[in-house]
Amino acid sequence: MMEQHDPKTSPVACPRCDWLGSVDQAGNESRCPECGTIVCPLRQKGLDSLRAHHRQLLKMGYKVEWTVEQRAVEQERVERFFQRIGQPLRGDQNRDRA
């Protein structure tokens, strides 16, 4: 059975300033609230890429030029984004395949 998805929480991203949010945050014109650029929808591949980015932030060899504080801020930003769109940060790789 297909899971119903609320279109207002569909994930979008700004290609210019890297803002992450949902359609309802982007407003009626689908514009980034930070820079005004038209936002792009994030599909499953984009969400998976963000999940991988979050996992990599936990490793010390990733983004070595960032300070500990910058890494923590980025982790928090990605976690808030996934909470906002109502999707789990962790993928479904741990679910039973019955």
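Here, every reference points to the structure presented above.
Since the structure is predicted, the reported quantities are computational estimates derived from the model, not experimental observations. (Residues numbered from 1 in each chain as written. Predicted model: local features only at pLDDT ≥ 70, side-chain atom pairs only at ≥ 80, totals over all residues. Heavy atoms only, no water.)

> What should I look at first to understand the nonpolar core in this one?
As a rule of thumb, soluble globular proteins bury nonpolar side chains together. With ten residues, the main nonpolar core is built from Ala13, Leu20, Leu42, Leu47, Leu50, Val78, Phe81, Phe82, Ile85 and Leu89. Elements represented by at least two residues in this core include exactly helix H2 (44-57) and helix H3 (68-85). With four residues, H3 is the largest single contributor of residues to this core. Of all hydrophobic cores here, the second largest spans six residues; its members include Cys14, Ala26, Cys32 and Val39. (Core = buried A, V, L, I, M, F, W, Y, C linked by side-chain atoms within 4.5 Å. Buried < 20%, exposed > 50% of the residue type's maximum accessible area, 1.4 Å probe, protein only. Helix = DSSP H or I, 4+ residues; strand = E, 2+ residues; numbered from the N terminus.)

> Quick question: what am I supposed to make of the sheet that holds strand S3 (residues 40-41) here?
The strands making up a sheet are joined through hydrogen bonds of the backbone, oriented either antiparallel or parallel. Pairing in this open sheet of three strands is antiparallel, and the strands run S2-S1-S3 from one edge to the other. Only two strands of the sheet have a single neighbouring strand rather than two, namely strand S2 (20-22) and S3. Sheet topology note: the strand S1 (residues 11-13)/S2 ladder contains three bridges and is antiparallel. Opposite proline 11, over in S2, you have serine 22 as the bridge partner. Contacts between H3 and the sheet are confined to S1 and S2, with S2 contributing the most and set at about 10° to the helix. (Pairing = 2+ DSSP bridges. Contact = heavy atoms within 4.5 Å. Axes fitted to C-alpha atoms, helices over the stretch in contact; angles between N-to-C directions.)

> Please explain H3 as it appears in this structure.
Given 3.6 residues per helical turn, the α-helix brings residues three or four places apart onto the same face. Helix length check: H3, at 18 residues, gives a terminal C-alpha distance of 26 Å against a target of 26 Å (1.5 Å per residue), a fit within 8%. Among all positions in H3, only Arg71, Glu74, Gln75, Val78, Phe81, Phe82 and Ile85 are buried. The arc that holds every buried residue of H3, seen down its axis, measures 125°, which confines them to one face. What points out from H3, more than 90 degrees from its buried face, is the exposed set Val68, Glu69, Val73 and Gln83. For H3, the secondary structure elements touched by its buried residues are S1, S2 and H2. Of the residues one or two after H3, glycine 86 is the one with positive phi, at around 75°. (Expected span 1.5 Å × (residues − 1). Arc of directions from axis to C-beta.)

> Just checking my understanding: could you explain H2 for this structure?
Counted at 1.5 Å a residue, the expected span for H2 with its 14 residues is 20 Å, and the 20 Å between its end C-alpha atoms agrees. Residues of H2 that are buried include every one of Leu47, Leu50, Arg51, His53, His54 and Leu57, and no others. Down the axis of H2, the buried set is contained in an arc of 155°. They therefore lie on one face. Looking at the buried positions of H2, the neighbouring elements they touch are S1, S2 and H3.

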